[in-house]
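An overview of the molecular structure
Here is how the chains run, residue by residue.
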Amino acid sequence: MTEPTAASRKDDHLRLAAEQQPGIRAARTAFDDVTVRHHALSGISPKQVDLGVDVGPWRFPAPFYVNGMTGGTEKARALNRTLAQAAARAGVPMASGSVGIALDDPSTVETFTVIRQENPHGIVLANIGAGRSVDDARRAVELLAADGLQLHVNAVQETVMPEGSRDFSGWLGLIEQIAAALDDDGVPLVVKEVGFGLSARTLTQLRDAGVRLVDVAGTGGTDFARIENDRRDPVEDLSYLSAAAGFGLSTPAALLDAASLPSAVRHDLTVLASGGVRHPLDVMRCLALGARAVGVAGGFLSVALEHPDDDGATLATVMESWREQLVALHALFGAPSPTEFTGVDVVVTGDTADIVRAQTPS
Ligand code: FNR
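Our subject in this report is the structure included herewith. Small disclaimer: the values here were computed from a predicted structure and weren't measured.

1. Observations concerning the overall build of the protein
Per the secondary structure count, the protein includes 15 helices and twelve strands. By the compact-globule yardstick of 21 Å for 362 residues, the protein fits well, its C-alpha radius of gyration being 19 Å. Its C-alpha atoms give the protein principal-axis dimensions of roughly 60 × 45 × 45 Å. Counting every position in the protein, which comprises 362 residues, the buried fraction comes to 54%. Of the roughly 15000 Å² of accessible surface on the protein, 51% is carried by carbon and sulfur atoms. Once the 30 positive and 46 negative side-chain charges of the protein are each reduced to a mean point, those two points are 4 Å apart.

As structure tokens, this is what we get:
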């Protein structure tokens, strides 16, 4: 077997993540344990609905964004172009994939900067992995002329990744330094998982490290342990760490965990959610459980891959349709804005209710 390169890994991720999507759309997930109760006379007019939400210093036009995915190869460049064109057309904020590869190999820079070229006026976040230095964090933001930085903590993925890091001991200290430095620079920082969830304990550690924006990025969608395990020699099977095997915290469970934080901690944090968001009702479920806005990766990736040559037109249409559906759902549930959707009646049942009940306090 030839040694995987950082670039070939990125193309493997795209292929394997796209292959997971039909199964994710067809599966029953933890989101199906979350029922937003219907009250037949609670509705309002769509004209009363404003979908805009404040996230850090930004006003997102609607409570969803394109989450960090790719960069580093020719295929990734084409995909970033389509994603950025769609984001620009629809006015949806977007994060890049990890720019670590471009910091290490300048020949790949253009596979990321295409995002800013195609979307000069939109909200764009650069993305980098935990374990990187303050200098790298600043370079990542500069490289993309980004409005902010997403920093991912992906210890499960690294553990299963054949060529992954194994030493996570320095991560929190580096995050604290990056949070302080970016705060000085006036650059917002979002810390996220990549699909295994941030627990209440992790959120408390991040808040104490000076982080104010977090994306819980739970299980239920793209399963990076399965992706990395599919890249391993089958005799070294680590599939027991996959979300499919029950490892990690689902997106609804992570949001419920966040809601259990002491109010002084919760108050300091703006919580975003991602991981397995399939349609606008899942967005509403996240809002109901306390998320300010919701990230979508794999679902938008599939659309972009299916329509590579239309300058993002199909994906932009999907995004605009999500926005219209969200207005309709806000009217149906009687919420004039996403932040006013937290007071609705939510019923949590099944495994998600059991997990939350059984959770030991952080
Ligand atoms: C990702 N994700 C990701 N996250 C991150 O912070 N940096 C990255 O470089 C990547 N790379 C990446 C590649 C691909 C192909 C996918 C599909 C996803 C994770 C992503 O942002 C998100 O947290 C998870 O995918 C869960 O969301 P979905 O896919 O279930 O909507």
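Past the structure itself, the notes keep going.
2. Some remarks on empty space enclosed by the protein
If you roll a probe as big as a water molecule over the atoms, it shows you where there is empty space left. Considering all chains together, one arrives at one cavity of 30 Å³ or more under this definition. Counted as a void, the largest cavity has a volume near 80 Å³. Along its surface, the largest cavity is lined by Val-55, Trp-58, Phe-60, Tyr-65, Val-66, Pro-93, Met-94, Ala-95, Leu-125, Gln-150, Val-190 and Leu-272. The set of elements that each furnish at least two residues to the lining of the largest cavity consists of strand 3 (58-60), strand 4 (64-66) and strand 5 (94-98). For the lining of the largest cavity, the per-class residue count stands at eleven nonpolar, one polar and no charged.

3. Describing the site of the ligand
Of all residues adjacent to the ligand, which total 23 residues, the nearest are Gly-68, Met-69, Asn-127, Thr-222 and Gly-276. Interatomic distance of 2.7 Å between a backbone N/O atom of Met-69 and a nitrogen atom of the ligand. A distance of 2.9 Å separates an oxygen atom of the ligand from a polar atom in the backbone of Ser-98. For the ligand, the accessible surface in isolation is 600 Å², of which the surrounding protein chains cover 96%. Of all elements in the fold, only helix 1 (6-26) and strand 5 reach the threshold of two or more residues within the shell around the ligand. Each residue belonging to the shell around the ligand can be placed in one class, and the counts come to eight nonpolar, 13 polar and two charged.

4. Quick look at unusual backbone geometry
Even without being a glycine, Ala-145 presents a positive backbone phi close to 45°. Here Ala-145 lies in the loop between helix 5 (134-143) and strand 7 (148-152). The phi dihedral of Ala-217 falls on the positive side, at around 40°, and the residue is not glycine.

5. Here's the deal with the packing of helix 12 (residues 280-288) against helix 14 (residues 313-333)
Relative orientation of the contacting elements helix 12 and helix 14 amounts to 55°, with a least axis distance of 9 Å. Our classification of the angle between helix 12 and helix 14 gives oblique. With respect to the hand of their crossing, helix 12 and helix 14 are arranged in right-handed fashion. Between helix 12 and helix 14, the contacting residues are Pro-280, Leu-281, Val-283, Met-284 and Leu-287 on the first element and Trp-322, Gln-325, Leu-326, Leu-329, His-330 and Phe-333 on the second. Its residues assigned to classes, the contact of helix 12 with helix 14 shows nine nonpolar, two polar and no charged.

6. Remarks on the side chain of Asp-282
On the secondary structure map, Asp-282 appears in helix 12. By relative accessible area, which is 0% here, Asp-282 ends up buried. Separated by 2.8 Å, the side chains of Asp-282 and Arg-285 make a polar contact. For Asp-282, the residues in contact, after removing those within four places along its chain, are Phe-31, Gly-276 and Val-277.

Rules used in this analysis
Residues numbered from 1 in each chain as written. Predicted model: local features only at pLDDT ≥ 70, side-chain atom pairs only at ≥ 80, totals over all residues. Heavy atoms only, no water. Helix = DSSP H or I, 4+ residues; strand = E, 2+ residues; numbered from the N terminus. Rg over C-alpha atoms; globule rule 2.2 N^0.38 Å. Buried < 20%, exposed > 50% of the residue type's maximum accessible area, 1.4 Å probe, protein only. Areas by Shrake-Rupley, 256 points an atom, 1.4 Å probe, with all protein chains shown as cover. Lys, Arg positive; Asp, Glu negative; His and termini not counted. Charge placed at Lys NZ, Arg CZ, Asp CG, Glu CD. 1 Å grid on protein atoms, 1.4 Å probe; cavity = no way out; pocket = protein on both sides within 12 Å on 5 of 7 lines; lining within 4 Å. Points joined across faces, edges and corners; volume = space filled by probe spheres on them. Nonpolar A, V, L, I, M, F, W, Y, C, P; charged D, E, K, R; others polar. Near = heavy atom within 4 Å. Polar contact = N/O pair within 3.5 Å; in protein donor to acceptor, adjacent residues only side chain to side chain. Axes fitted to C-alpha atoms, helices over the stretch in contact; angles between N-to-C directions. Parallel < 35°, antiparallel > 145°, perpendicular 65-115°, else oblique. Left-handed = near helix turned anticlockwise from the far one by under 90°. Contact = heavy atoms within 4.5 Å.

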